[in-house]
Amino acid sequence: MSLDINNIDNLLQPEFLANPCPVFKHLQTNDAVHWNPQLNAWMVSRYDDVKTLLQDTRVSAASPFGYIFKRPLTEEEQVAVSIIRPYVEQSLLNMDPPGQSRQRTILGAAFTPRRLEQMRVRVQQFVNELVDEIQPRGQVELMNQFAFPLLFKVIFALLGIPSEAHTDAKRLFNEASSLIIKVNSTPYPKSEHLLRFADNLLETEDLIRPFVEERSRQPQNDVISLMVEAEQRGELSEKEIFVLCSQLVFAAHETTASAICTGMLSLLQNPDQLELMKTKPEILAIAVEEIMRYSVPGQMRPRIAREDIEIRGTTIRKGQRVFAMLAAANFDEEHFACPHALNVERPKKDQIMTFGHGIHYCLGGALARMELQVIFPTLFQRLPGLKLASSTVQWRPNFLLRGLVELPLEFEPQVVSLDEIESNVA
Ligand code: HEM
């Protein structure tokens, strides 16, 4: 499969989804600040430009919802839009300071090194439980049978959503993540999608509200309690608590699931690097950093120019959209030697762009790294002979969040011996 460079603006072409690097290289060499008519936006691909753009106060991360609708909305649809709007516009990811910094300070307390160490113990426990279930089977579809179930457990534990609510919460969040794409990526959203999305959000609020009320009477060591305390100090509204719960679930699980599966694929396709990782436990943190450089889930992040901005002699006009290509930056030869090679011993030189840069830098970056540091060694130790079950993989038709549809794997099943069963019975 070879990439059609004349069709470079079509970021949904299968060749780009499977391997975006030729496009990155072409843009970085020939057109580092590129106008993409299909996106109606600029694409900035060099490491230095991406970094500078993400810390430029002349760009905004604000993402107004609904202004793109190209048809008049019925009264019922307008009500639905008013329910959905805060979820798109009032979370820190899509806001500028001072709102973004206010929310970020409150949530920051959830990601302290101490809390992270407490979470490490729980993550290891969740991973062990899932592997116990998987071990006898000899096969696993890593995305749906491991990554998603694990990451829901982690984020629900962090938030403080108890296990009896997990089934409903998963159903609602799964549905919401498919609906948000349907209503927010087209000027002509279907009425049924708008209405169902609004109902979904109200149902999710009903699910979370009792835990919010409970924490206001009796705070716990969880993120809902942190937010309730902020609400009591007058720093957060009740609506923002619901919005931020959803934001954290989405930010945490789709990205990290992609990282687990794409990272696993990269390791299995580079057996020499996998061997190094297995035999040199001391390189684990560097290896995970390299896996995150190489397998970037969030390929690019949008911003809007608040005023005219010049980059490499090209002017981004006020009001125009510009994408910072995080993944391209990670493959910039000026910053990463032999960027197309996975090198789990890569000497640390420049910060990877996988988690962004500047005021919106990923709040959960340390958590995601810790999860991967637990997951990869545990899977390789406890599932011997782990390998791809299929010679082909399918990429999701999404250029913002790169990821596999699924990742079927095989390994030697761990059959529990009769002695072990008897000793357990005794
Ligand atoms: C491999 C996993 C992850 C990747 C690749 C990732 C990537 C990113 C990126 C690129 C941004 C910056 C967006 C921008 O500048 O527009 C971001 C922001 C954010 N991430 Fe992550 N993320 C991951 C995991 C997580 C996890 C586990 C959490 C929480 C539990 C989380 C929470 C957030 C939040 C709250 C923000 C918004 C920060 C702000 O706007 O101030 N992320 N993430």
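Here's a quick rundown of the structure. Quantities reported herein were computed from a predicted structural model and do not represent experimental measurements. Position labels on residues start from 1 in each chain and follow its written sequence. Reporting in this predicted model follows two pLDDT cut-offs: at least 70 for local features of residues, and 80 or more for side-chain atom pairs to be given and counted; totals over whole chains, interfaces and linings ignore these cut-offs and use all residues.

## Considerations on the sheet that holds strand 4 (residues 139-141)
Then, in step 1: By the convention used here, strands pair only if DSSP detects at least 2 bridges between them. Helix and strand definitions follow DSSP, with helices as H or I runs of at least four residues and strands as E runs of at least two, each counted in order from the N terminus. With antiparallel pairing, three strands are arranged side by side in an open sheet as 4-10-9. Edge positions in the open sheet fall to strand 4 and strand 9 (387-388), since each of these has one partner strand only.
Then, in step 2: Relative to strand 10 (residues 408-410), strand 9 runs antiparallel, the two being bridged by two bridges. Each bridged residue has a counterpart across the sheet, and for Lys387 the counterpart in strand 10 is Glu410.

## With respect to the sheet that holds strand 5 (residues 301-305)
Then, in step 1: Reading across from one edge, 1-2-8-5-3 is the order of the five strands in this open sheet, with mixed pairing throughout. Of all strands in the sheet, those bounded by a partner on one side alone are strand 1 (33-36) and strand 3 (59-60).
Then, in step 2: Strand direction decides the pairing type here: strand 1 and strand 2 (residues 41-44), joined by four bridges, are antiparallel. Each bridged residue has a counterpart across the sheet, and for Trp35 the counterpart in strand 2 is Trp42.

## Re the pairing of strand 5
Then, in step 1: Residues are called buried when their C-beta atom has 20 or more other C-beta atoms within 10 Å, exposed when it has 12 or fewer, and partly exposed otherwise; all C-beta atoms are positioned from the backbone. Of the two faces of strand 5, the one lined by Arg301, Arg303 and Ala305 is fully buried and the one lined by Pro302 and Ile304 carries no buried residue.
Then, in step 2: As paired strands, strand 3 and strand 5 are joined by two bridges and run antiparallel to one another. In the sheet register, Val59 faces strand 5, and the bridge partner there is Ala305.
Then, in step 3: Pairing of strand 5 with strand 8 (residues 321-324) involves four bridges; the strand directions are antiparallel. Across the sheet, Arg301 pairs through a bridge with Ala324, a residue of strand 8.

## Observations concerning the site of the ligand
Then, in step 1: Surrounding the ligand, one finds 26 residues, the nearest of these being Ala251, Gly356, His360, Cys362 and Gly364.
Then, in step 2: Elements represented by at least two residues in the shell around the ligand include exactly helix 5 (99-108), helix 11 (238-269) and helix 15 (365-382).
Then, in step 3: Of all the elements, helix 11 adds the most residues to the shell around the ligand, at seven residues.
Then, in step 4: Residue composition of the shell around the ligand, grouped by class: 15 nonpolar, nine polar and two charged. Think of it this way: take the backbone, place a C-beta atom on it, and check whether that atom is within 6 Å of the molecule or strand, in which case the residue is near it. Residues are sorted three ways: Asp, Glu, Lys and Arg are charged, Ala, Val, Leu, Ile, Met, Phe, Trp, Tyr, Cys and Pro are nonpolar, and all the rest, Gly among them, are polar.

## Regarding the packing of helix 6 (residues 113-134) against helix 7 (residues 142-159)
Then, in step 1: Only the stretch in contact is used when a helix axis is fitted, and all axes are lines through C-alpha atoms; the angle between N-to-C directions ranges over 0 to 180 degrees. Across the interface, helix 6 lies against helix 7 with an axial gap of 10 Å and an inter-helix angle of 150°. Here helix 6 lies roughly antiparallel to helix 7, going by the angle between them. The interaxial crossing formed by helix 6 with helix 7 has right-handed handedness. On helix 7, the residues touching Met119, Arg122, Val123, Phe126, Val127, Leu130 and Ile134 of helix 6 are Gln145, Phe146, Pro149, Leu150, Lys153, Val154, Ala157 and Leu158. Reported orientations rely on four angle classes, namely roughly parallel under 35 degrees, roughly antiparallel over 145, roughly perpendicular from 65 to 115, and oblique for the rest. Take the far helix as your reference; a near helix turned counterclockwise from it by less than a right angle gives a left-handed crossing, and one turned clockwise gives a right-handed crossing. A pair of residues counts as a contact when their C-beta atoms, built from backbone coordinates, are within 7 Å of each other.

## Considering helix 4 (residues 75-89)
Helical geometry note: an α-helix holds 3.6 residues per turn, so side chains three or four residues apart project in the same direction.
Then, in step 1: To estimate how far a helix should extend, the number of its residues minus one is multiplied by 1.5 Å. Taking 1.5 Å of rise per residue, the 15 residues of helix 4 would be expected to cover 21 Å, and the 21 Å separating its terminal C-alpha atoms lies within 8% of that figure.
Then, in step 2: The angle between axes fitted to the seven residues ending at a residue and the seven residues starting there is what we call the bend at that residue. Its axis deflected by about 30° at Ile83, helix 4 carries its strongest bend there, up to four residues before the proline Pro86.
Then, in step 3: Within helix 4 the residues assigned to the buried category are Ala80, Ile84 and Tyr87.
Then, in step 4: In the core, the buried residues of helix 4 are packed alongside helix 8 (166-184), helix 9 (191-217) and helix 11.

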